[in-house]
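Examination of the molecular architecture
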Amino acid sequence: MAGRAPVVTCPHCAAEVELVDEAWEPFDEVLNGWAEGRDAIIACPACAQPVEPTSWKWADDYFALGHLGFTFWNWPPLRPEFVAEFTHRLGGHRTVLLAGKS
Ligand SMILES: [Zn+2]
């Protein structure tokens, strides 16, 4: 993960955490975990509530953690082989198949 954000804000209490020295370490795990397919949920240093990786507000949108979604309209159920090939073509990223209509 390249670079460091200067400040991150808790979505629960709006406390701003200055990411200096050891304050950075848990967030390093959040970002590296995300990149490796793990959700590192850490507690806010100010209010102690657990925060999902995607919920932290990074100063200046320094980082953005998100999901890329594809919708297949009017398709029959996706065959496991198709999903496996799709995952392979996405470079082996973690994929989740959500079936049904929204
Ligand atoms: Zn908080």
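Not measured: the values here are computed from a predicted model.

Definitions and limits used
- Residues numbered from 1 in each chain as written.
- Predicted model: local features only at pLDDT ≥ 70, side-chain atom pairs only at ≥ 80, totals over all residues.
- Heavy atoms only, no water.
- Helix = DSSP H or I, 4+ residues; strand = E, 2+ residues; numbered from the N terminus.
- Buried < 20%, exposed > 50% of the residue type's maximum accessible area, 1.4 Å probe, protein only.
- Contact = heavy atoms within 4.5 Å.
- Phe/Tyr/Trp six-rings, centres within 6.5 Å; stacked < 30°, edge-to-face > 60°.
- Domains from an automatic or database assignment.
- Donors = N, O, S within 2.8 Å, 3.2 Å for Na, K, Ca; no water.
- 1 Å grid on protein atoms, 1.4 Å probe; cavity = no way out; pocket = protein on both sides within 12 Å on 5 of 7 lines; lining within 4 Å.
- Points joined across faces, edges and corners; volume = space filled by probe spheres on them.
- Nonpolar A, V, L, I, M, F, W, Y, C, P; charged D, E, K, R; others polar.

**Side note on the side chain of Thr87**
The topology assignment puts Thr87 in helix α2 (residues 80–89). Residue Thr87 is classed as buried on the basis of its relative accessible area of 18%. Each residue touching Thr87, except ones within four places of it in the same chain, is listed here: Gly92, His93 and Thr95.

**Section: the packing of aromatic side chains**
All chains considered together, the criterion is met by 11 aromatic pairs. Plain terms: the ring middles of Phe72 and Phe86 are 5.7 Å apart, the flat faces sit at 75° to each other, and that makes the pair edge-to-face. Separated by 14 residues along the polypeptide, Phe72 in the loop between β5 (57–58) and α2 and Phe86 in helix α2 bring together distant segments of the chain. With a relative accessible area of 25%, Phe86 lands in the partly exposed category. Grouping aromatic residues by their ring pairs yields a cluster made of Trp24, Phe27, Trp56, Trp58, Tyr62 and Phe63.

**Points about the domain arrangement of the protein**
Parsing the protein into structural domains produces domain 1 (7–61) and domain 2 (67–102). One C-alpha centre belongs to domain 1, the other to domain 2, and the line joining them spans 29 Å.

**A short note on the coordination of the zinc ion**
In the first shell of the zinc ion, the protein supplies Cys10 (SG), Cys13 (SG), Cys44 (SG) and Cys47 (SG), at 2.3 Å from the metal. In primary-sequence terms, the residues that donate to the zinc ion follow C-x2-C-x30-C-x2-C. Residue Cys13 is located in the loop between β1 (7–9) and β2 (16–18), and its partner Cys44 is located in the loop between β3 (42–43) and β4 (50–51); the two are separated by 31 residues in the primary sequence. Overall, Cys13 belongs to the partly exposed group, its relative accessible area being 35%. Note on Cys44: relative accessible area 3%, which makes it buried.

**Remarks on the layout of surface pockets**
Estimates place the volume of the largest pocket at around 1300 Å³. As for the largest pocket, its lining consists of 33 residues, and the residues nearest its centre are Gly69, Phe70, Val96, Leu97 and Leu98. Among the elements that make up the lining of the largest pocket, the one with the highest residue count is α2 (four residues). Residue classes in the lining of the largest pocket are distributed as 18 nonpolar, 12 polar and three charged.

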